[in-house]
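Coordinate inspection notes
Now for the letters of each chain:
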Amino acid sequence: LLRGGAAGGYAEDGVLLEHITHYVEHPVPVDPPAEPPPPPPMPLPLTKKERKKLRTQRRLAAEKEKQDQIRCGLMAPPPPKIKISNLMQAMKNEAVADPSALEAKVRAEMAQRVKNHEERNLARKLTPAQRREKKRRKMLNDPSGGGTPVTLYRIHTVPNKQKLYKIDINAQQNHLTGLMLLADECNLVVVEGGPKAQRRYRKLLLHRIDWTDFGAADDDDDEDEEEEARRRAQSEVCQVVWEGLVVKPQFKNFRVEAARSSEGARKMLAERGCAHYWDMARTNGAEGVPEEDEDEDDPDVRVSQRGGDERQEHGAEFYSGRPGE
């Protein structure tokens, strides 16, 4: 601000007045050198019972505040809700003077309340597109937010066409992604999706589909034994290998693929970064299936094994991909 840059003593004619304005310079604030504050704790997800309890508390607090305002005269009290049942108690003198006119008035008020209720319901009613989106959101939504639920199923025998169709179409309808691998050693089903869709699909594979296909019993004595054998065989054919959470899904849709060998099946999963799924299925099968060396000479066992091989070849030829591809 001084002419010639002299620092010591200055005269009035040595000051650069053009550099002096009415503006005030505010320096940029600089944070002191210290550790950043710790992040706030993450809120815990509430259960359904806790959410209902909080909603009840909020409604009670709002109603209490409204009653206090009415008591202090800040708000007009609501009109009495008169019905035919409490007509004489609410309007004693008027009901005695002209009961017919008062009854007509009460019925008109009741009709108006019903009409207002229907209009509020109609205003909240969802369109067909909104209903479909809500249903899809409930299928895909995971309230815990901890990742994508994944479930692995091992099926020891190749399903027929009907069961393959049920496995494929139900996965699509429940908005599940994943893969079903048909191989000689075992069959693996990998499904990714929301918890509700996982529960519905688990019920399909473990309870709704009959994996035994036994013939009808001839008498009542054999029916109980057949039913017990059916349930035991049902639990052995389809088993849950593993269920848990992953960071992100590995599949974009659900497909049914046929693999000629165990190495080919593992390679298909390795391309999507989940080859360990096949290793878990093989380990589970090795631990759960007992050896059958004693029955090699039994002709009935040889016939059943030959029929199973034919079904495997038939299933692999039929379901090399989606229907229509």
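Look up: the structure comes first, before these words.
This write-up is about the structure you can find in this document. (Residues numbered from 1 in each chain as written. Predicted model: local features only at pLDDT ≥ 70, side-chain atom pairs only at ≥ 80, totals over all residues. Heavy atoms only, no water.)

Right, let's talk about the side chain of aspartate 168 for a bit. The residue aspartate 168 is located in helix α6 (residues 161–173) in this model. A polar side-chain atom of aspartate 168 sits 3.0 Å from a polar atom in the side chain of glutamine 172. (Helix = DSSP H or I, 4+ residues; strand = E, 2+ residues; numbered from the N terminus. Polar contact = N/O pair within 3.5 Å; in protein donor to acceptor, adjacent residues only side chain to side chain.)

With that out of the way, let us pick up unusual backbone geometry. In most cases, non-glycine residues show a negative phi, while peptide bonds are predominantly trans. Positive phi values are uncommon outside glycine, yet histidine 175 reaches one of about 60 degrees. Turning to its location among the elements, histidine 175 is positioned in the loop between α6 and β2 (177–182). By relative accessible area, which is 34% here, histidine 175 ends up partly exposed. (Buried < 20%, exposed > 50% of the residue type's maximum accessible area, 1.4 Å probe, protein only.)

Further remarks concern the packing of aromatic side chains. In this structure the tally under the stated criterion is three aromatic pairs. Considering the side-chain rings of tyrosine 153 and tyrosine 201, the 6.4 Å spacing of their centres and the 65 degrees angle between planes classify their relative orientation as edge-to-face. With tyrosine 153 in strand β1 (residues 148–155) and tyrosine 201 in helix α7 (residues 195–208), this residue pair connects regions lying 48 residues apart in the sequence. Exposure class is identical for tyrosine 153 and tyrosine 201. Each is buried. One aromatic cluster in this structure is built from Tyr153, Tyr201 and Phe254. (Phe/Tyr/Trp six-rings, centres within 6.5 Å; stacked < 30°, edge-to-face > 60°.)

All right, on to the layout of surface pockets then. Looking at the second largest pocket, its volume works out to about 190 Å³. Lining the second largest pocket we find 13 residues, and of these Lys135, Asn170, Gln173, Asn174 and Arg200 sit closest to its centre. Sorting the residues of the lining of the second largest pocket by element identifies α5 (128–140), α6 and α7 as the ones contributing at least two each. A total of six residues in the lining of the second largest pocket trace back to one element, the largest contributor, which is α7. Its residues assigned to classes, the lining of the second largest pocket shows two nonpolar, four polar and seven charged. (1 Å grid on protein atoms, 1.4 Å probe; cavity = no way out; pocket = protein on both sides within 12 Å on 5 of 7 lines; lining within 4 Å. Points joined across faces, edges and corners; volume = space filled by probe spheres on them. Nonpolar A, V, L, I, M, F, W, Y, C, P; charged D, E, K, R; others polar.)

Let's shift gears to the pairing of β1. Judged by how many residues are buried, β1 sits mostly within the fold: eight of eight residues are covered. Side chains Thr148, Val150, Leu152 and Arg154 project from β1 onto one buried face, and the interleaved Pro149, Thr151, Tyr153 and Ile155 project onto a second face that is buried too. Relative to strand β4 (residues 238–246), β1 is paired through eight bridges, and the arrangement is antiparallel. Bridging across to β4, proline 149 finds its partner in leucine 245. Where β1 and strand β3 (residues 187–192) come together, six bridges link them in antiparallel fashion. Pairing of valine 150 across the sheet is with glutamate 192, part of β3. (Pairing = 2+ DSSP bridges.)

Turning our eyes to something else, we now look at the pattern of salt bridges. With the rule as written, the count across this model stands at six salt bridges. The partner of arginine 255 in a salt bridge is glutamate 257, and the shortest N-O contact between them spans 3.0 Å. For arginine 255, a relative accessible area of 21% gives the class partly exposed. Owing to a relative accessible area of 18%, glutamate 257 belongs among the buried residues under this scheme. (Salt bridge = Lys/Arg side-chain N within 4 Å of Asp/Glu carboxyl O.)

For the rest of this paragraph, the subject is the sheet that holds β3. In any sheet, the strands associate via hydrogen bonds between backbone groups, in a parallel or an antiparallel arrangement. Taken in spatial order, the five strands of this open sheet run β4-β1-β3-β2-β5, and their pairing is mixed. Two strands in the sheet have a free side with no partner beyond their single neighbour: β4 and β5 (254–258). Pairs of neighbouring strands in the sheet enclose a mean axial angle of 15 degrees, with direction left out of account. In the packing of helix α9 (residues 262–270) onto the sheet, contacts are made with β2, β3 and β5, and the angle to β2 comes to roughly 170 degrees. (Axes fitted to C-alpha atoms, helices over the stretch in contact; angles between N-to-C directions. Contact = heavy atoms within 4.5 Å.)

In this structure, Ile167, Met180, Tyr201 and Phe254 are the most contacted members of the largest nonpolar core, which totals 21 residues. Those elements that place two or more of their residues in this core are β1, α6, β2, β3, α7 and β5. Ranked by residues supplied to this core, first place goes to α7 with four residues. Of all hydrophobic cores here, the second largest spans 18 residues; its members include Cys186, Val241, Leu269 and Trp278. (Core = buried A, V, L, I, M, F, W, Y, C linked by side-chain atoms within 4.5 Å.)

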